[in-house]
Amino acid sequence: MYQRLMEHLTIAVLLLDGELRLEWMNPAAEALLSVSLSRVQGLSLCALMESEGGLGEVLVKARDEFHPFTQREARLAMLGGEPLTVDYTVTPLSPHELLLEVEPRDRLIRISREEALLTRQETVKVLTRGLAHEVKNPLGGIRGAAQLLERDLENPAHREFTRIIIEEVDRLRDLVDSMLGPNRVARHEPVNIHKVLERVRSLLLAEHPAVSIERDYDPSLPDLAGDEAQLIQAVLNVARNAVEAMHEAGTPAPHLVLRTRARRQFTLGAERHRLVCEVGIVDNGPGIPASLQETLFYPMVSGRADGSGLGLSIAQGILHQHQGLIECDSVPGQTEFRLLIPLEMRHD
């Protein structure tokens, strides 16, 4: 009776004997750990599973003290499997039986991180628009005054000074416009994402022939609804930033991977999508300093000496126009940007 109930729970449940051998687990545990009960039944859980939080010690303590214990955001993994962030509770049922409940936290942590990223990006957008308004108005006045002054000056040398003022004002205006990102609303037409990636690949190879660029495409991906020109710009900004970072760091054998995957029932921020296109851009460069990773998509933030700090900010803005976002994970030797775009056709 109780076993049938546990078989229908969405939380992973494992039953261990007094020697911490696995007696039974429900289908949710099999799915979470990517292993079938028939393969591991009767084996020691501690020998099967790697843990950064001392799972074996917690199990022994719960058994010996006959007291339940809970660990939050622990890292667990079956041997050879992907590590998972989980909450787990160990409850002794008798001196010879332990109940282990495991609840995955990776998805909730990712959703929370994405919501924070979207909130920060929206805040930056509002601040940037306000700053642009406050800067462009006086710039227009300065430019107009310089033009009027230029008309009244007879000395060519003096006119050269007014010309410098006008050129610098125009440069600042263009910089402010760049901070605002695309100045038109994205069109939503069928776009083949692999056509976008091939265009970016050809541009990068023309600019940096020494970089090897590997394709890892999912040919089953359907077209997405988007603006092809803007998506090319977004992918190019991210990929070019990666290539230039490798070049600046003097990375031996610089290598870039362009990857596509479909993600089903995927949550972006607070919205769940039936199907999402994931574009991965992976490089073997020096990595992004931890101090920059939280502010990476802010305007004027760059880890490169000659970087403007606008490329990634503009790319994130384009993804937002497509109801998507960009994530990044980086360690020295491997940096991965993931561009996530819903595949549902929009009907605006």
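About the thresholds
- Residues numbered from 1 in each chain as written.
- Predicted model: local features only at pLDDT ≥ 70, side-chain atom pairs only at ≥ 80, totals over all residues.
- Heavy atoms only, no water.
- Pairing = 2+ DSSP bridges.
- Helix = DSSP H or I, 4+ residues; strand = E, 2+ residues; numbered from the N terminus.
- Axes fitted to C-alpha atoms, helices over the stretch in contact; angles between N-to-C directions.
- Core = buried A, V, L, I, M, F, W, Y, C linked by side-chain atoms within 4.5 Å.
- Buried < 20%, exposed > 50% of the residue type's maximum accessible area, 1.4 Å probe, protein only.
- Contact = heavy atoms within 4.5 Å.
- Parallel < 35°, antiparallel > 145°, perpendicular 65-115°, else oblique.
- Left-handed = near helix turned anticlockwise from the far one by under 90°.
- Nonpolar A, V, L, I, M, F, W, Y, C, P; charged D, E, K, R; others polar.
- Polar contact = N/O pair within 3.5 Å; in protein donor to acceptor, adjacent residues only side chain to side chain.

## Overview of the sheet that holds strand β4 (residues 69–78)
Across a sheet, strands are paired by hydrogen bonds formed along the backbone, either parallel or antiparallel in direction.
And step 1. Taken in spatial order, the 6 strands of this open sheet run β2-β1-β6-β5-β4-β3, and their pairing is antiparallel. Edge strands, defined here as strands with exactly one partner in the open sheet, are β2 (22–25) and β3 (49–51). For this sheet the average axis-to-axis angle between neighbouring strands, irrespective of direction, equals 35°.
And step 2. Two strands pair when backbone bridges link them, and strand β5 (residues 84–94) and strand β6 (residues 97–104) are joined in this way by 8 bridges, in the antiparallel orientation. When the sheet's bridge partners are listed, Y88 is paired in β6 with V102.

## Here's the deal with the nonpolar core
And step 1. Within the largest apolar cluster, 42 residues are counted, with the highest numbers of intra-cluster contacts made by L256, I281 and F337.
And step 2. For this core, the elements supplying multiple residues, two or more each, are α8 (193–207), α9 (228–249), β10 (255–268), β11 (271–283), α11 (311–321), β12 (325–331) and β13 (334–342).
And step 3. With 10 residues, the top contributor of residues to this core is α9.
And step 4. Those residues in contact with I281 that lie beyond four places of it in its chain are V235, V238, A239, L256, V257, L258, T335, E336, F337 and L339.

## Some thoughts on the packing of α8 against α9
And step 1. Following both chains from N to C, one finds α8 and α9 inclined at 40°, their axes separated by 9 Å at the closest point. In terms of orientation, α8 lies oblique with respect to α9. Here the hand of the crossing between α8 and α9 comes out right-handed. Two secondary-structure elements touch here, α8 through K195, V196, L197, R199, V200, L203, L204 and E207 and α9 through E228, L231, I232, V235, L236, A239, R240 and V243.
And step 2. Partitioned by chemical class, the residues of the contact of α8 with α9 number 11 nonpolar, no polar and 5 charged.

## What about the sheet that holds β12?
And step 1. Spatially, the 5 strands line up as an open sheet ordered β8-β10-β11-β13-β12, and their pairing is mixed. Strands with a single pairing partner mark the edges of an open sheet, and in this sheet they are β8 (212–216) and β12. Averaged over neighbouring strand pairs, the angle between their axes works out to 20° when direction is ignored.
And step 2. Set on the sheet, α8 makes contact with β8, β10 and β11; between it and β10 the angle comes to about 155°.
And step 3. Of the strands in this sheet, β12 and β13 are in contact with α11, which crosses β12 at around 140°.

## Considering the environment of S38
And step 1. Residue position: S38 is located in helix α3 (residues 37–40).
And step 2. What makes S38 exposed here is its relative accessible area of 66%.
And step 3. With 13 residues separating them along the chain, S38 and M25 place their C-alpha atoms 10.0 Å apart.
And step 4. Side-chain polar atoms of S38 contact the side chain of S36, separated by 3.2 Å.

## Re the pairing of β2
And step 1. Sheet analysis places strand β1 (residues 12–17) next to β2, joined by 3 bridges and oriented antiparallel. Residue L15 lies in a different strand from β2, and its bridge partner there is W24.
And step 2. The hairpin formed by β1 and β2 contains 4 residues between the paired strands, and L20 there has a positive phi angle of roughly 65°.

## A few points about the packing of α9 against α11
And step 1. With their axes 9 Å apart at the nearest point, α9 and α11 run at an angle of 145° to one another. Handedness of the α9/α11 crossing: left-handed. Where α9 approaches α11, its residues Q230, L231, Q233, A234, N237, V238 and N241 are matched on the opposing element by G311, L312, I314, A315, I318, L319 and Q321.
And step 2. Among the residues making up the contact of α9 with α11, the classes are represented as 8 nonpolar, 6 polar and no charged.

## Regarding the pairing of β6
And step 1. Pairing of β1 with β6, which is carried by 6 bridges, proceeds in the antiparallel orientation. The residue of β6 that forms the bridge with L14 is L100.
And step 2. Between β5 and the antiparallel strand that follows it, β6, lie 2 residues.

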